[in-house]
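Residue-level structural notes
Letter by letter, the chains look like this.
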Amino acid sequence: MLRRFVCTLIFVLTGAITAGRAAAQSDPHFPADRPLDLNHLKLDLRVDLKKKTAGGSATIDLTALRDVETITFNAVDFDVSGVRLLGSGNESATPVKFVNDGKTITVTLPAAIKPGDKTRVQIDYKVTDPVSGLSFFAPDKEDPEAPYVVWSQGESVTNRYWVPCFDHPNEKQTTEIVCTVDKPNMALSNGRLLKKTENADGTATYHWLQDKPHVSYLMTLVVGEFVTKTDLWRGKPVSYHVREKFKGQIDNSFADTPKMLEYFSNKIGVEYPWDKYDQVCCYNFGGGMENTSATTLTEGTLHDDRAHLDDDSDGLVAHELAHQWWGDLLTCKDWAHLWLNEGFASYFEALWDEHDLGAEEFACNMMRKARGALDGGKDKPIVYRRYEDPDEQFDGRAYPKGAWVLHMIRRRLGDDLFWKVLKEYATRFAYQTVETSDLRRVIEDVTGRAFERFFYDWTERPGAPVVTIEYDWQDDDKLAKIRVQQTQKDDAFCFPLLMEFIPEQGGVPVRLTREITNKTETFYIPIPARPTMFRPDPENAVLMDLTLEMPRDSWEQMLKIDPNPVARIRAAKHFGKSRSQNDKKLLADQLLVEKFWAVQQAIAEQLGESQGDVARDALLAGLKIEHPKARAAVVEALGKFEDEQAVEDALLAIVKKGDRSYRVEANAIEAYAGVKGKDACELLQSLMSRDSDNEIIRRSVLRAIGANGDASVLDLLIDWSAPGKPSQCRGAAVSALADVIDREDVGKENEKKAVESLAKCLKKGPRRLQISALMALEKLGSKARPALDDVDKLAKVGGPRAKSTAMRVAKKIREGGTGDEKLTDLRTRLDKLETENKSLKDRIQVLEARDAAEPGEE
């Protein structure tokens, strides 16, 4: 009987879940139905940061597109006090029946309206500390460093937690936000500031108007204390808002913004379309969000002068700014076409690098994107409708692969036609929603070239070509034999392959293009004399997983003189696989000759893998390389050389003295710990007193302790994971805890204490810390079972990313349990299902009673 009970219970739980998921995956998504056109949405809100509330009214103007009797707005967990229909000029108000089911507000009109009829609905409501969409922060015991601040995050479908709206990307409207806040806080939103009113009760009211249409997920509201710096670009204000402690770092992150506005406006051929451009850095915000005219950014992008040696914010700033055209001016009609937002913005990051830093930086940017595109786009096409949740679409297909689709279009058309196409596309669909076929039709209209096969290959099919190119020289016939083979299991991709053959010095290069249409193609190319170098795809024009086979001398020339840094990096990796001492020496010599940091970085990585005296001595000499990114790679590579006194001495010198680059110093700490192991832990703990921007140094120390420590370091790691410590360090400490517990036998009591510490990080605190704690628990598998209840809770009430991560982690923990633990868990889940089922029945009864209520009643 027990076995039958367990089997039945497993079938009920897993079968129902699997069936539900299969059904969700099998239903393709399309743009939402639009019975009405939402013309204008005005919010009049009082925001209280201490009470974590936003309340007031939403006034919504609509036009019927067909006969309509009810209007349903997306609105999650609203406390609604009334709904009215307003007459023109708001001179009359008629209470109407409505149903608020916790997910939507459905308004029943007194009489049906006809196509073309206009109506105005006003909803009085309040939200209190929503689980998503509008995030309140305040200092408390768990998060003492938090400021009083609230920020919104609407993408993909979370503005519905504070704005009653049609929360779909195919609906555009003008918007208006009137927001009253306690002084000295300020309220930032879309569009232009019509008025700021100082009120007698110690509050201030900000009135913002976005008078050009945009989608609801781009509506924004930020309230907090900020220091503001403003530039002007073509008469428009360009402002940067940060907390007081970051005001000295504004220029490091945002100084290039006006230059980007100029460059993008000129290249696209459509001037920046909005009234102003704000960038506001918010506590505990992740990444960036391209809200119309008012981008919200992570405070992590702000950095001091020393950190500026290692990196800048230009990639993030350029990405979000590019969205003001691609995503805001033109918006994907459905999340299946997300790449039209994210792929464009990602490509414009690289285009800014090309304009500002040159062709080599552009090539390496696209090389990094190629890795993400090849890894992230294997199983699904870019245009994919069978998603369960829109957030699933934000992956390597939409971002780097989308960028590569644009890059391949550019390489096929040439720059002049490419920019002509983008100008026509932006002009034709300004303030509208778009799908992939719209872009294809513009290309075909402008150029007269057929692009349907291109879009089929690159947006409707998963993956990319896996290509092996073999080059062999047949000296008797003076022929270059080229064999191109696509080895992916699916049909051939079609693409033009440019090839270049470099002769001896003084000769004329042979450059030609062949159309690749079959899985295997072989070409014989007559050339007057044996080339010294073969260059396939020299302009990086094709996204492919490339394996190249050719003679050694061609590889050597590629490493030394190929103008494309991607080719030189490919050659460095080729020689890094070799055991030949000559090849090691070639790499060692080239490390100090190479001028571009990314190639130096690749050579250093290969020398670290190859080991040996030649590699070691070259890397020690490489510590004098000027560029901090390359020098950091040299230091990291030296960390692979164990029992080498010269290496230990060199790394220890950097650890003790420090380096002008945070990144070099941080890598030296982890590298030294790597070669010394547990013997480094005492020194590591002494380094915890070092301050650095964004806690770069302490985070590296914590990682090193996690990688090399034993049970003796657990108390330190638990202490640094606790409230009161900087959130960046807490995240590093929880990851380090998982490393130690996973690797070392620390004893059941220590294990329990550490897991309890990780579980506490799930209950409250910065969201990135919650994700770090979840990842740590996932690594521990069944050892994390005592934290399972907290993981399950976060899977229900956390933000979108936390919920999905928690669901995955809970599954991993359960899969690792014993038979008795699994049985207990199944019984618990069955009890929960029964409780939820009763709660659902009770709720249905309440809704049925509401539906029979008088007008205006909930």
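Rules used throughout
- Residues numbered from 1 in each chain as written.
- Predicted model: local features only at pLDDT ≥ 70, side-chain atom pairs only at ≥ 80, totals over all residues.
- Heavy atoms only, no water.
- Helix = DSSP H or I, 4+ residues; strand = E, 2+ residues; numbered from the N terminus.
- Rg over C-alpha atoms; globule rule 2.2 N^0.38 Å.
- Buried < 20%, exposed > 50% of the residue type's maximum accessible area, 1.4 Å probe, protein only.
- Contact = heavy atoms within 4.5 Å.
- Lys, Arg positive; Asp, Glu negative; His and termini not counted.
- Charge placed at Lys NZ, Arg CZ, Asp CG, Glu CD.
- Axes fitted to C-alpha atoms, helices over the stretch in contact; angles between N-to-C directions.
- Parallel < 35°, antiparallel > 145°, perpendicular 65-115°, else oblique.
- Left-handed = near helix turned anticlockwise from the far one by under 90°.
- Nonpolar A, V, L, I, M, F, W, Y, C, P; charged D, E, K, R; others polar.
- Pairing = 2+ DSSP bridges.
- Patch = residues over 30% accessible without salt bridge, like charges linked within 9 Å, V, L, I, M, F, W, Y side chains within 5 Å.
- Areas by Shrake-Rupley, 256 points an atom, 1.4 Å probe, with all protein chains shown as cover.
- Salt bridge = Lys/Arg side-chain N within 4 Å of Asp/Glu carboxyl O.
- Phe/Tyr/Trp six-rings, centres within 6.5 Å; stacked < 30°, edge-to-face > 60°.
- Lys NZ or Arg CZ within 6 Å of the ring centre and 35° of its normal.

1. Side note on the overall build of the chain
Across its full length, the chain holds 28 helices and 29 strands. For 858 residues, the compact-globule formula gives about 29 Å, and the C-alpha radius of gyration of the chain, at 30 Å, lands near that figure. Its C-alpha atoms put the chain at 95 × 70 × 70 Å along the principal axes. Here the chain, with 858 residues, has 55% of them falling under the buried criterion. Sequence separation of at least 24 residues holds for 70% of the intrachain contacts in the chain that already meet a minimum separation of 6. If you average the places of the 120 positive and of the 138 negative side-chain charges in the chain, the two averages end up 1 Å apart.

2. Looking at the packing of helix α5 (residues 314-322) against helix α6 (residues 339-357)
At their nearest, the axes of α5 and α6 sit 8 Å apart, and the two run at 130 degrees to each other. Taken together, α5 and α6 sit at an angle that is classed as oblique. In the crossing of α5 with α6, the sense of the turn from one axis to the other is right-handed. Taken together, the residues of α6 that come into contact with α5 (itself represented by Asp314, Gly315, Ala318, His319 and Ala322) are Glu342, Ala345, Ser346, Phe348, Glu349, Trp352 and Asp356. In the contact of α5 with α6, the residues fall into 5 nonpolar, 3 polar and 4 charged.

3. Description of the sheet that holds strand β3 (residues 68-74)
Read from one edge to the other, the open sheet built from 3 strands follows the order β3-β7-β6, with strand pairing classed as antiparallel. A single partner strand is all that each edge strand has here, and the edge strands are β3 and β6 (98-100). Neighbour to neighbour, the strand axes of the sheet diverge by 15 degrees on average, direction disregarded.

4. Side note on the side chain of Thr174
Relative to the helices and strands, Thr174 is located in strand β11 (residues 172-182). Sequence-distant contacts of Thr174, defined by excluding residues within four places in its chain, comprise Asn39, His40, Leu41, Gln210, Asp211, Lys212 and Pro213.

5. Notes on the pairing of strand β1 (residues 36-48)
Pairing between β1 and strand β2 (residues 53-64): 12 bridges, direction antiparallel. Residue Leu45 lies in a different strand from β2, and its bridge partner there is Gly56. Linkage of β1 to β2, two consecutive antiparallel strands, is achieved through a turn of 4 residues, within which Lys52 is found at a positive phi near 60 degrees. Strand direction decides the pairing type here: β1 and β11, joined by 7 bridges, are parallel. Directly across from Leu45, in β11, lies its bridge partner Cys179.

6. With respect to a negative patch on the surface
On the surface, Glu388, Asp389, Asp391 and Glu392 cluster together to form a negatively charged patch. Relative to the elements of secondary structure, Glu388 occurs in the loop between α7 (359-376) and α8 (397-413). Judged by its relative accessible area of 33%, Glu388 is partly exposed.

7. So, the packing of aromatic side chains
All told, the structure shown has 35 aromatic pairs when counted by the stated rule. In this structure, Lys50 is placed above the aromatic ring of Tyr148, and the distance from its NZ or CZ to the ring centre is 5.8 Å. Across from the ring centre of Trp597, 4.7 Å away, lies the NZ or CZ of Lys629, which sits over that ring.

8. Things to note about the pattern of salt bridges
One pass over the full model with this rule turns up 62 salt bridges. For Arg428, the salt bridge identified is with Glu424, shortest N-O distance 3.0 Å. One end of the pair is Arg428 and the other is Glu424, both in helix α9 (residues 415-428) and 4 residues apart, which spans about a single turn. Between Arg453 and Asp457 there is a salt bridge, with the nearest N and O atoms lying 3.1 Å from each other. Of this pair, Arg453 and Asp457 both sit in helix α11 (residues 452-460), 4 residues apart, which is roughly one turn of the helix. Classification of Asp457 by relative accessible area gives buried; the value is 0%. Here the residues in one salt-bridge network are Glu500, Arg511, Arg535, Glu539 and Asp562, joined through shared partners.

9. Things to note about the sheet that holds strand β24 (residues 479-486)
Taking strand neighbours across the sheet as the criterion, the 4 strands line up as β27-β24-β23-β29 in an open arrangement whose pairing is mixed. A strand with exactly one partner marks an edge of an open sheet, and here the two such strands are β27 (520-526) and β29 (545-549). The mean angle between the axes of side-by-side strands here comes to 15 degrees, regardless of whether they run parallel or antiparallel.

10. Thoughts on the environment of Ser580
Structurally, Ser580 can be placed in the loop between α13 (565-576) and α14 (581-593). Residues Ser580 and Leu134 lie 446 residues apart in sequence; the distance between their C-alpha atoms is 59 Å.

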